[in-house]
Amino acid sequence: MRRLLPQHVRAATFDVRRWRGLDPTQVYGYLALVADELERLSRDLATAHTEGERIRQALRQWQSRHTDCRHTSTAPNSRWSR
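Residues numbered from 1 in each chain as written. Predicted model: local features only at pLDDT ≥ 70, side-chain atom pairs only at ≥ 80, totals over all residues. Heavy atoms only, no water.

A. Structural detail: the overall build of the chain. A count of helices and strands for the chain gives 2 helices and 2 strands. Listed by position from the N terminus, the elements making up the chain come as α-β-β-α. Pairs at least 24 residues apart make up 30% of the contacts formed inside the chain by residues separated by at least 6 positions. With the model as given, the accessible surface of the chain reaches about 7800 Å², and the carbon-plus-sulfur share is 55%. (Helix = DSSP H or I, 4+ residues; strand = E, 2+ residues; numbered from the N terminus. Contact = heavy atoms within 4.5 Å. Areas by Shrake-Rupley, 256 points an atom, 1.4 Å probe, with all protein chains shown as cover.)

Next comes the structure, spelled out in structure tokens:
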């Protein structure tokens with residue numbers, strides 16, 4: 001299955017049936033495709049939010065453990081002062 005992009009939605013056309021409008025099978029098939037893609041995007045977004053929160057919490061824990069760390073001496077050949 002190819003990824004559904006906004007330009008695909010904008011460019012979608014449906015066959016017009018004489019006297020009856022659009023072909024319902026095509027319309028509902030396309031709507032199902034759009035719904036599947038939106039569902040996938042929602043899952044991906046939820047996963048990204050969860051991962052971002054996990055990383056933020058890990059960073060906070062690391063910062064908490066290292067707040068008292070002070071480097072008072074520098075290495076003899078170090079270019080970086082601490």
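What follows continues from the structure just given.
B. Broad picture of the confidence of the model for the chain. Within the chain, residue pLDDT values average 82, and 83% of them lie at 70 or more. Per-element averaging of pLDDT across the chain places strand β1 (residues 16-17) at the bottom with 74 and helix α2 (residues 24-65) at the top with 91. (pLDDT = per-residue confidence, 0-100.)

C. The side chain of Asp 23, seen in detail. Along the chain, Asp 23 falls in the loop between β2 (21-22) and α2. The exposure class assigned to Asp 23 is buried, which follows from its relative accessible area of 14%. Filtering out sequence-adjacent residues up to four positions away, Asp 23 remains in contact with Asp 15 and Arg 17. (Buried < 20%, exposed > 50% of the residue type's maximum accessible area, 1.4 Å probe, protein only.)

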